[in-house]
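Coordinate analysis (summary)
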Amino acid sequence: MPETRFIVNREIYEEAVLKVVPSARKRLWIATADIKDMYVEKPGLAKQMVPFLQVLAELLQRGVAIRLIHAKEPGPAFRQDFDRFPGLWTGIERVLCPRVHFKCIIADGKRAYFGSANLTGAGMGAKNENRRNFENGILTDDPALVGPLEEQFDSVWRGAWCGKCGRREFCTDCPLS
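All of the points below concern the structure found in this document. (Residues numbered from 1 in each chain as written. Predicted model: local features only at pLDDT ≥ 70, side-chain atom pairs only at ≥ 80, totals over all residues. Heavy atoms only, no water.)

A word on empty space enclosed by the protein
For clarity, the cut-off: Of the two site types, the cavity is a set of points on a 1 Å grid over the protein atoms alone where a 1.4 Å probe fits but cannot get out, and the pocket is an open set with protein on both sides within 12 Å along at least five of seven lines, each lined by residues with an atom within 4 Å of a point. Grid points are joined across faces, edges and corners, and a volume is the space filled by probe spheres set on the points. Numbering of helices and strands runs from the N terminus; a helix is a DSSP stretch of H or I covering at least four residues, while a strand is a stretch of E covering at least two. Only Asp, Glu, Lys and Arg are considered charged in this grouping, and only Ala, Val, Leu, Ile, Met, Phe, Trp, Tyr, Cys and Pro are considered nonpolar; every other residue, Gly among them, is considered polar.
Inspection of every chain in the model, using the stated rule, returns one cavity of 30 Å³ or more. Space inside the largest cavity adds up to approximately 90 Å³. As for the largest cavity, its lining consists of 15 residues, and the residues nearest its centre are Ile 35, Phe 52, Leu 53, Phe 78 and Leu 119. Elements supplying a minimum of two residues to the lining of the largest cavity: α2 (52-61), β5 (65-70) and α3 (76-83). Tallying contributions element by element places α2 first for the lining of the largest cavity, with three residues. Residue classes in the lining of the largest cavity are distributed as 12 nonpolar, no polar and three charged.

Focus on the pattern of salt bridges
Applicable threshold: Note on definitions: salt bridges are taken to be side-chain nitrogens of Lys or Arg within 4 Å of carboxyl oxygens of Asp or Glu. Each residue is placed in one exposure class: buried if its accessible area under a 1.4 Å probe, protein chains only, is under 20% of its type's maximum, exposed if it is over 50%, and partly exposed if it falls in between.
Applying the stated criterion to the full structure yields 14 salt bridges. A salt bridge links Arg 84 to Asp 81, with the nearest nitrogen and oxygen atoms 3.2 Å apart. With relative accessibility at 48%, the residue Arg 84 sits in the partly exposed group. The shortest N-O distance in the salt bridge between Glu 151 and Arg 158 comes to 3.1 Å. Glu 151 sits in the partly exposed class, given a relative accessible area of 42%.

Written as structure tokens, this is what we have:
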């Protein structure tokens, strides 16, 4: 029986970031409007904080294919963390699309989070409770929800909307530019 749950604030970090992301075995798709450096508890080692990018680098080393769609370039702290993990340069497939505002994490096409939270510490609930955003979303393994979410992600990924976008001058990754 598929499970679908409404989650908020810190639950997004605990369920989507700490469980769904490391559960990926073949592929991980992430979409976000904003992306910043974020530190998380290393899976299996509670209270040891590591850059989220380290978790992604370790997934790549295990053979997980990672795709990231985001709306704007991340800040300098994110880029410094990114540079610490050279495998990310060639391992993560990335598309920059200024029209993307949806947020999701999809592991292996089977389990997903989607909701309001950007891939930032404040958005995902990884920060101190006094510095977090108020966010909500859905955590699910229901194919009736995961399938359309994957289709939305994939349609942006393959450029299905680029011809009608109207913002191509801002989009360096548009296949039609």
